[in-house]
Each structure stands twice: as C-alpha cells, then as structure tokens.
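Next come the chains, spelled out residue by residue.
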Amino acid sequence: MITKGNFLLMEPSEFKVWLDKQNITRKIDKLQVHHTASPNYSTRQMVNGIAKQDVWKCLEGMRSYHLSQGWSGTGQNITVLEDGRIAISLDRDLNKTPAGIKGANTGALCIEIIGNFDQGGDTMSTAQKHSVIHLYACLALKLNIPIDTSHIVYHAWYTSSGAWLGDYERGESSKTCPGTNFFGDGNTRAGAERGFIPAIKTELKRIKEGDVDPMTSEEKKQMEELKATVESQAKWIAAQKAKENMKCPKWAVPAYEFYNPYIADNKGSYDFWRQLVINYRKEVGIKVQPQ
Ligand SMILES: [Zn+2]
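As the structure is a prediction and not an experimental result, all values here were calculated from the model.

Enquirer: Mind laying out the overall build of the protein chain, listing which residues take part and the relevant values?
Expert: Of the regular secondary structure elements, the protein chain holds seven helices and 11 strands. Since a compact globule built from 291 residues should have a radius of gyration of about 19 Å, the 33 Å found for the protein chain marks it as more spread out than a globular shape. Over its C-alpha atoms, taken along the principal directions, the protein chain stretches across nearly 110 × 35 × 35 Å. With 291 residues in all, the protein chain has 41% of them scored as buried. A fraction of 64% describes how many contacts in the protein chain between residues 6 or more apart in sequence connect residues 24 or more apart. Placing the 37 positive and 33 negative side-chain charges of the protein chain at their respective mean positions leaves the two points 4 Å apart.

This is how it looks when you write it as structure tokens:
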C-alpha cells in the first residue's frame, strides 16, 4: 500500500482489509460502473500486459483533467488499474459524493475502470477482471448493498441529465460507458445480468465462506508437508518428555537396586539412568568393552 500525491494505491488483496477499517458516514446505496475510455490500455503503453507509463502519472493526469473541468477533485472515489491494482482518491474519499454521473451522484460511489471497453477497444486483463469483481463484492458486503442491476449501475443506463433509463438506449443514454463490450457482455442491463452481476455474487459467496485468498495447489502441498513436519516433531517432543520421567529401565535395574537406599523414587530421565549405570559399574568394578 503506497500513498503518493492524491492517491492511495494498493493490491487487490489489500482492499478488503482496508475497506473494513473505513468509517462510512454517508448513505451509499448505489455502486456506479464506469470505464475511463481514456486513459486506456494504449495510453498506458501496454507491452506484454505491463504498462510502461508511470501509474502516478496516469492517476494524477485524470485528476488534473477533472480539475480543469472545474470539479473540486478527482471525479471518482476509486480507480481499478489495468493490472488490477486499486487506487483510492484521497481528495474524493468514500464519504464524499462523487462526480460520476451528472445528476445521479447522491448516495452513489463512483468506480472507474481503466480501459476502453467499447467494441474494438481494449480486452480487459484477467487480473483487472478479478480485481473489479472482488472490489464490487467487498463494497456490496461492507455497504450492505444488494447485488443487482438496481444497485450496481452502469453509466449508460442514465441520460445526460442523470435521468434513470434503466438500460442502455442508443441515442438516449449519455454515454456507452462502461463500454459496448464490457465484460464481453456489453453495456446493457441483460448483459450485466448475464455475466457481471452473477460473477460478483459468486465472489461475495467466496468471501463470506472465508476463502478470501485461496491457496494454490502448490501452496496446499506445502501446507500438508508443513503439517506432517509439525506432527512428527510433536511426536518427537512427546517421546523426549516421556524419556525425562521414565521408570527404571531393565538395563539399569542392578544399578537402581545398588543405589536404591539413596534414591527417593524409581523415576528419572534417560540420562539419569545411564549415569547411574556408569557410577554403579565404577563402584563395583565392571569394565565394558568399547563398542
Ligand atoms: Zn462513465
């Protein structure tokens, strides 16, 4: 987690822990879904799936543009980068109403997904997809928002004045945002109900089951090995403990009987019995052949 300039940047795996600590004081019952259109995978200068452009330059660039439009800060509360990393706008924290959909921002949280997901645009990376789904599931859980198309809403389902259309209507919708090919299902309500919404529901179920960070098969194998090691060590320790308080073993009986008047009980450690035998042999003159 890094704070720099006007943003807090984190890995998707850090988001839930961070979110759980946030004190949300305003009523939020809608999660907006946007793509940035620009910046996108091209302006991020993607080479083999890795952006060459500096991440802070990208984030601050958006903020500067929003300020130039006369806005009070970065428009969105949250940005999801092309590699899945999540940026929180420090000048538009979760308790501030966003500038996401003109006329429809009260009670909403604005999430911008970096990329242009219109037909012929960018293909969302797997990492970004996972992060986006995880993020909406975490927010729905934290804010107690139902996972449906009345509460998780695409920008395209509003007119340019912020009136609710309830679906993408060409010519009436203010924008195609989050893209006519968003999640491979497009920007319609039916499209959202086909892929995006069920994916968030599945993710929420996974989170609730406590499987926040599932182990890979390699990690599971390592865990099994570790368990086996711990178990065998526990056995060894138990055996050592047993040795510390053992009854006189057979091979020490003559020594024990010899020293019996001087010993309070017939229990002792392995080392004690061994030493007793040596003392006894010295005392009575028994020499043993070195092995
Ligand atoms: Zn939008």
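Having seen the structure, we can now continue with the description.
Enquirer: So what's going on with the pattern of salt bridges? Which residues, and what values?
Expert: This model, assessed by the stated rule, comprises eight salt bridges. In this structure, Lys-16 engages Asp-20 in a salt bridge whose closest nitrogen and oxygen atoms are separated by 3.1 Å. Remark: Asp-20 and Lys-16 occur in helix α1 (residues 12-20); sequence separation between them is four residues, near one turn of the helix. Lys-16 sits in the buried class, given a relative accessible area of 18%. The residue Glu-209 makes a salt bridge to Lys-205 at a minimum N-O spacing of 3.5 Å. The class for Glu-209 is exposed, based on a relative accessible area of 57%.

Enquirer: Describe the domain arrangement of the protein chain, with residues and values.
Expert: What the domain assignment lists for the protein chain is domain 1 (2-208) and domain 2 (217-284). When each unit is reduced to the centre of its C-alpha atoms, the spacing between domain 1 and domain 2 is 65 Å.

Enquirer: So what about the coordination of the zinc ion? Which residues, and what values?
Expert: When four donors bind a metal tetrahedrally, each ideal donor-metal-donor angle is 109.5 degrees, and when six bind octahedrally, the ideal angles are 90 or 180 degrees. Note on the zinc ion: its protein donors are His-34 (ND1), His-155 (ND1) and Cys-177 (SG). The metal-donor distances range over 2.1 to 2.3 Å. Ordering the donors of the zinc ion by residue number gives the pattern H-x120-H-x21-C. Pair noted here: His-34 is in strand β3 (residues 30-35) and Cys-177 is in the loop between β9 (152-154) and α4 (189-208), with a separation of 143 residues, a long-range link. By relative accessible area, His-34 is classed as buried at 1%.

Enquirer: Report on the pairing of β3, specifying residues and quantitative values.
Expert: Burial analysis of β3 places five of its six residues in the buried class, the great majority of the element. Judged from the six bridges that link them, β3 and strand β8 (residues 108-113) form a sheet pairing that is parallel. Bridge pairing links His-34 to Glu-112 in β8. The pairing of β3 with β9 spans three bridges and is parallel. Bridged to Gln-32 within β9 is Val-153.

Enquirer: I'd like to hear about the sheet that holds β3, residue by residue, with values.
Expert: Reading across the sheet, the seven strands line up as β1-β2-β7-β6-β8-β3-β9 and stay open at both edges, with mixed pairing between neighbours. Taken across any chain shown, the strands that pair with only one partner, and hence form the sheet edges, are β1 (2-4) and β9. Each adjacent strand pair in this sheet contributes to an overall mean axis angle of 25 degrees, direction not counted. Note that strand β2 (residues 7-10) and strand β7 (residues 86-89) share four bridges and pair antiparallel. Bridge pairing in β7 places Met-10 opposite Ile-86. Sheet strands touched by α1: β2, β6 (78-80) and β7. Its angle to β2, the strand with the most contacts, is close to 120 degrees.

Enquirer: Report on helix α2 (residues 55-68), specifying residues and quantitative values.
Expert: Relative to the 20 Å expected for 14 residues at 1.5 Å per residue, α2 spans 20 Å between its end C-alpha atoms, a close match to the ideal helical length. Buried within α2 are the following residues: Val-55, Trp-56, Cys-58, Leu-59, Met-62, Arg-63 and His-66. Lining the buried residues of α2 we find β1, β2, β6 and β7. N-capping of α2 is provided by Asp-54, with a side-chain oxygen placed 3.2 Å from the backbone N of Trp-56.

Analysis parameters
- Residues numbered from 1 in each chain as written.
- Predicted model: local features only at pLDDT ≥ 70, side-chain atom pairs only at ≥ 80, totals over all residues.
- Heavy atoms only, no water.
- Helix = DSSP H or I, 4+ residues; strand = E, 2+ residues; numbered from the N terminus.
- Rg over C-alpha atoms; globule rule 2.2 N^0.38 Å.
- Buried < 20%, exposed > 50% of the residue type's maximum accessible area, 1.4 Å probe, protein only.
- Contact = heavy atoms within 4.5 Å.
- Lys, Arg positive; Asp, Glu negative; His and termini not counted.
- Charge placed at Lys NZ, Arg CZ, Asp CG, Glu CD.
- Salt bridge = Lys/Arg side-chain N within 4 Å of Asp/Glu carboxyl O.
- Domains from an automatic or database assignment.
- Donors = N, O, S within 2.8 Å, 3.2 Å for Na, K, Ca; no water.
- Pairing = 2+ DSSP bridges.
- Axes fitted to C-alpha atoms, helices over the stretch in contact; angles between N-to-C directions.
- Expected span 1.5 Å × (residues − 1).
- Polar contact = N/O pair within 3.5 Å; in protein donor to acceptor, adjacent residues only side chain to side chain.

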